[in-house]
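Letter by letter, the chains look like this.
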Amino acid sequence: MEKWVFFDLDGTLTRSEEGIWNCARYAAERMGFPLPDEETLKKWIGPPLIWSFRNLMGMTEEQAWEAQKIYRERYTTVGKYENRVYPGIRNLLRALRSAGVHLGVVTGKPEAPTRDILAHFGLWKFMERLACATDAKAEKDHLIRSVMPEGAAEVWMAGDRKYDMEGGVGAGVHTLGVTWGYGSEEELRTAGAERIAHTPWEAAEILCPGAEKPKGAFLSMEGLDGSGKSTQIEKLTDTLDRYGFEVVHSREPGGTPIGEKIREILLSRENEEMTDVTEALLYAAARAQHVRERIRPAVKDGKVLLCDRFLDSSVAYQGGGRRLGVDQVLAINRPAVEDTLPLLTVYLDLDYRTSLRRRSEASQLDRLEAEKEDFHARVEAGYHELISRNPERYAAVDARGDREEIAGKIAERVLEKLMAEET
Ligand code: TYD
């Protein structure tokens, strides 16, 4: 039998308080009402706007309509994107879709911002039906009925507030209450929730028993020392998090207890006598452990693993810098990585002279950073050779200039790649 699941939007798929609260405050201020406190704002998400302006701010019917107009002016331009997809939602939707479950959205929001939000966050592609409130009709049972499939089907309404549960009960469908949004478990149960999920993956298991976790992704970030990797990793993590990807971090050399011990050996300035081949083998050894202990399990578990350096560093530093050659370094690393390569590698493109200048301001240099200028020139050349051999695997971004702009370019490339993988 066909299965359909309708999701509420605010508080269920997206955590929309930032935008909603900013707009509610804005409307209150413009109407000359006192700014609502946090407790009041918490009750704001779920009920129709008119109801909230009247009951939570004490407006008259007429004032409430005016306030709604002001609210929507800000919401439709800025507020709708002040939003986050809950972590794990993408994997829930992907798992249901790949199990053949039909999905839709039933929301008390108007249609235009709903479509924009779903499209902006790349969730639209999962949805087949959409029911949104109009000024005339906002009751959820009515909205659910308007998108119900014809004929026999198992239909669920999933949401975080009593309105979703009451709507589901009224429309005669199954109800799933979710507790990561704005309503409590008690509220949901009192309103008739048939089942309760505390995490998106619990919801997947209720809605589709035996559902399989979709595969995550492996991304790496590369660049010369001082190219701003740490800052950009932080910014990219925040963006991916906003889009509902479950991001985990790692780094090379390191990322595992064994790898961190190897890292100490590699970077210690006491180890002056280390030969170039030993160095390459140690990086590869740490990597072999990392691939098996961290990277593969994380990807299997649906996570986006974002790694500070990977194989490309070996090719550039040992292959280029130490002159072992690209092919020898790849050969040494073959048993370490096998087929585990990043889906996309962000390369922060910075010429070695600027990189050296930036680093000379840092106090403690490790064994590799302390190498001479021509070493770093060869590392840079190594990266460029790699990218020219296989340009589609890299997002090369100019690392000079404004950090936010750089972050924006990186986010665009990475999101495009990750979302293309989801279909
Ligand atoms: P780390 O402190 O992690 O890098 P960063 O200075 O970018 O924060 O130090 C790692 C050093 O190891 C760095 O100089 C690059 C080098 N390296 C290699 O030579 N080969 C490799 O395979 C990897 C992963 C790193």
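Residues numbered from 1 in each chain as written. Predicted model: local features only at pLDDT ≥ 70, side-chain atom pairs only at ≥ 80, totals over all residues. Heavy atoms only, no water.

### Observations concerning the packing of aromatic side chains
A complete count under the given rule lists 9 aromatic pairs for this structure. When the centroid spacing of 5.0 Å and the interplanar angle of 80° are considered together, the rings of Trp 44 and Phe 53 count as edge-to-face. Neither residue differs from the other here; Trp 44 and Phe 53 are each classed as buried. Members of the aromatic cluster, connected to one another through ring pairs, are Trp 44, Phe 53, Tyr 71 and Tyr 75. Above the plane of the ring of Trp 201 lies Lys 213, whose end atom (NZ or CZ) is 5.0 Å from the centre. (Phe/Tyr/Trp six-rings, centres within 6.5 Å; stacked < 30°, edge-to-face > 60°. Buried < 20%, exposed > 50% of the residue type's maximum accessible area, 1.4 Å probe, protein only. Lys NZ or Arg CZ within 6 Å of the ring centre and 35° of its normal.)

### Re the site of the ligand
Inspection of the region around the ligand gives 16 residues, with Asp 225, Lys 229, Arg 309, Ser 314 and Gln 318 positioned closest. One of the side-chain nitrogen or oxygen atoms of Asp 225 is found 2.8 Å away from an oxygen atom of the ligand. Compared with its free state, where it exposes 540 Å², the ligand has 90% of that area covered by protein. Elements represented by at least two residues in the shell around the ligand include exactly helix 12 (257-267), helix 13 (276-300) and helix 14 (311-321). Top element by residues in the shell around the ligand is helix 14. It accounts for 4 residues. Of the residues assigned to the shell around the ligand, the class counts are 5 nonpolar, 3 polar and 8 charged. (Near = heavy atom within 4 Å. Polar contact = N/O pair within 3.5 Å; in protein donor to acceptor, adjacent residues only side chain to side chain. Areas by Shrake-Rupley, 256 points an atom, 1.4 Å probe, with all protein chains shown as cover. Helix = DSSP H or I, 4+ residues; strand = E, 2+ residues; numbered from the N terminus. Nonpolar A, V, L, I, M, F, W, Y, C, P; charged D, E, K, R; others polar.)

### Quick look at the domain arrangement of the protein chain
Each domain of the protein chain was delimited in the assignment, giving domain 1 (3-13 + 83-207), domain 2 (17-81) and domain 3 (217-421). Look at where the C-alpha atoms of domain 1 and domain 3 centre, and you get two points 40 Å apart. Listed per partner, the contact involves 13 residues of domain 1 and 10 residues of domain 3. For the interface between domain 1 and domain 3, the tally reads 2 salt bridges. Of the charged contacts in the structure, one is a salt bridge between Asp 238 and Arg 84, with a shortest N-O distance of 3.4 Å. Our count for the domain 1 to domain 3 interface comes out at 8 residue pairs in polar contact (both at pLDDT 80 or more). Per-element accounting of the side of domain 1 that touches domain 3 gives the leading share, 3 residues, to helix 5 (residues 89-98). Here the side of domain 1 that touches domain 3 is built from residues that sort into 4 nonpolar, 5 polar and 4 charged. (Domains from an automatic or database assignment. Contact = heavy atoms within 4.5 Å. Salt bridge = Lys/Arg side-chain N within 4 Å of Asp/Glu carboxyl O.)

### Looking at the sheet that holds strand 6 (residues 153-159)
Strand order in this open sheet of 6 strands is 5-4-1-6-7-8, and the pairing throughout is parallel. In this open sheet, the two strands that pair with only one neighbour each are strand 5 (129-132) and strand 8 (195-197). With direction set aside, neighbouring strand axes in the sheet form an average angle of 25°. Where strand 1 (residues 2-7) meets strand 4 (residues 102-107), 4 bridges bridge the pair, whose relative direction is parallel. By the bridge assignment for strand 4, Phe 6 is matched with Gly 104. (Pairing = 2+ DSSP bridges. Axes fitted to C-alpha atoms, helices over the stretch in contact; angles between N-to-C directions.)

### Quick word on the sheet that holds strand 13 (residues 394-398)
Backbone-to-backbone hydrogen bonds join strands into a sheet, with any given pair of strands oriented parallel or antiparallel. Taken in spatial order, the 5 strands line up as 10-11-9-12-13 in an open sheet, and their pairing is parallel. Edge positions in the open sheet fall to strand 10 (247-251) and strand 13, since each of these has one partner strand only. Each strand axis lies, on average, 20° off the axis of its neighbour in the sheet, ignoring direction. Examined bridge by bridge, strand 9 (residues 217-223) and strand 12 (residues 344-349) share 5 bridges and lie parallel to one another. Looking across to strand 12, one finds that Met 221 is bridged to Val 346. Along the sheet, helix 11 (residues 229-242) contacts strand 9, strand 10, strand 11 (304-308) and strand 12; its crossing angle with strand 9, the most-contacted strand, is approximately 155°. Taken strand by strand, helix 13 contacts strand 9, strand 10 and strand 11, and its axis lies near 165° from that of strand 10.

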